[in-house]
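An overview of the molecular structure
Listed here are the chains, written in short residue letters.
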Amino acid sequence: SVTGTYQKYVHYVSSTSIFPSDCNKEDNINVRDDRFHPNRLSEGYSQSKNVAEQIIAMAVENYSIPISVYRPGMISSSSITGHSNVTDWVSRLLYTFLVTKLVPKYPHAYADDSNGILELCPVDFVSQFIVSNMIDNSPESNTFNILNSSNLGLEWNELVNSIQMYNSDITIVRDYNHWFNQT
């Protein structure tokens, strides 16, 4: 038998990928809004995160369960050690550049805005933010969009120039689809 009124707190790590490309990731919008229907998302990962957040929203509404949702952007290497997950897509993308010696001039599919900025959040920042909020155990349900708001995103042309500087055999391919078909 359960005695007392001990409340459990739920913490769920989602992703900013739940936002369709035409939405502002800095807005804290309810996922049950029609603009966030999973059919508007093109990838299974994004769709599953979106559906999970809709289920969480129902749990908060119907059962008053305190749930905090954390939506990190693209997680990058540690800002302290530089260590990163070598199996994530950013590492694999860089590896593909080095192996094929081809780099797309600007792959719109991987950039967050028309200026060619990759919005990257260091893993140590994301984890510290989440853990500090978990320790706080606020009885309120909250949603946090964890983004790199310092305008320190990586410009695509800087990335391409850096790769070319260290490997002069790299060829820049103007068209993303052409690059994709070559790799």
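The text that follows walks through the structure, step by step, so that each part is easy to find. (Residues numbered from 1 in each chain as written. Predicted model: local features only at pLDDT ≥ 70, side-chain atom pairs only at ≥ 80, totals over all residues. Heavy atoms only, no water.)

Observations regarding the sheet that holds strand β7 (residues 142-146)
Taken together, 3 strands build an open sheet; the order of strands is β1-β2-β7 and the sheet is parallel. Every interior strand has two partners, whereas the edge strands, β1 (10-13) and β7, have only one. Adjacent strand axes in the sheet meet at a mean angle of 15 degrees when their direction is disregarded. Judged from the 4 bridges that link them, β1 and strand β2 (residues 67-72) form a sheet pairing that is parallel. Paired with Val 10 across the strands is Ile 67, a residue of β2. (Pairing = 2+ DSSP bridges. Helix = DSSP H or I, 4+ residues; strand = E, 2+ residues; numbered from the N terminus. Axes fitted to C-alpha atoms, helices over the stretch in contact; angles between N-to-C directions.)

A few points about the packing of aromatic side chains
Following the criterion strictly, the structure yields 5 aromatic pairs and no others. Where Tyr 70 meets Phe 144, the ring centres are 5.4 Å apart and the plane angle is 10 degrees; that geometry is what we call stacked. Here Phe 144 lies in strand β7 and Tyr 70 lies in strand β2, a separation of 74 residues in the sequence. Clustering of aromatic rings is evident, with ring pairs tying together Tyr 70, Phe 125, Phe 129 and Phe 144. (Phe/Tyr/Trp six-rings, centres within 6.5 Å; stacked < 30°, edge-to-face > 60°.)

Quick notes on the packing of helix α2 (residues 89-100) against helix α4 (residues 156-166)
Where α2 meets α4, the axes come as close as 11 Å, and the angle between the chain directions of the two elements is 45 degrees. Compared by their axis directions, α2 and α4 come out oblique. For α2 against α4, the interelement crossing comes out right-handed. Contact residues: Leu 93, Leu 94, Phe 97 and Leu 98 in α2; Trp 156, Leu 159 and Ile 163 in α4. Counted by class, the contact of α2 with α4 contains 7 nonpolar, no polar and no charged residues. (Parallel < 35°, antiparallel > 145°, perpendicular 65-115°, else oblique. Left-handed = near helix turned anticlockwise from the far one by under 90°. Contact = heavy atoms within 4.5 Å. Nonpolar A, V, L, I, M, F, W, Y, C, P; charged D, E, K, R; others polar.)

So, the side chain of Asn 133
Counting through the fold element by element, Asn 133 comes out in helix α3 (residues 123-136). Note on Asn 133: relative accessible area 19%, which makes it buried. Non-local contacts of Asn 133, meaning those with residues more than four positions away in its chain, are made with His 11, Tyr 70 and Phe 144. (Buried < 20%, exposed > 50% of the residue type's maximum accessible area, 1.4 Å probe, protein only.)

Regarding the pairing of β2
The side chains of a regular strand alternate between the sheet's two faces. Of all 6 residues in β2, 6 are buried; the element is thus mostly enclosed. Residues Ile 67, Val 69 and Arg 71 of β2 are buried on one face, and the alternating residues Ser 68, Tyr 70 and Pro 72, pointing to the opposite face, are buried as well. As paired strands, β2 and β7 are joined by 5 bridges and run parallel to one another. Across the sheet, Val 69 pairs through a bridge with Thr 143, a residue of β7.

Here we look at helix α1 (residues 44-63)
For α1, spanning 20 residues, the distance from its first C-alpha to its last is 28 Å, which sits close to the expected 28 Å at 1.5 Å a residue. Next to the buried residues of α1 lie β1 and β2. Phi turns positive one or two residues past the end of α1, at Ser 64, with a value near 55 degrees. (Expected span 1.5 Å × (residues − 1).)

Details of unusual backbone geometry
Keep in mind that most residues, glycine aside, have a negative phi and that most peptide bonds are trans. Non-glycine residue Ser 64 carries a positive phi angle of around 55 degrees. Mapped onto the elements of the fold, Ser 64 is located in the loop between α1 and β2. Backbone geometry at Lys 101 places phi at a positive 65 degrees, although glycine is not the residue there. Summarising the element assignment, Lys 101 is placed in the loop between α2 and β4 (102-104). Taking the relative accessible area as the measure of exposure, Lys 101 reaches 32% and is therefore partly exposed.

Quick notes on a nonpolar patch on the surface
Side chains of Val 51, Ile 55 and Met 58 sit close together on the surface and give an oily, nonpolar patch of about 240 Å² of accessible area. By secondary structure assignment, the location of Val 51 is in helix α1. Given the relative accessible area of 37%, Val 51 is considered partly exposed. (Patch = residues over 30% accessible without salt bridge, like charges linked within 9 Å, V, L, I, M, F, W, Y side chains within 5 Å. Areas by Shrake-Rupley, 256 points an atom, 1.4 Å probe, with all protein chains shown as cover. Salt bridge = Lys/Arg side-chain N within 4 Å of Asp/Glu carboxyl O.)

All we've got here are geometric facts, nothing functional implied.
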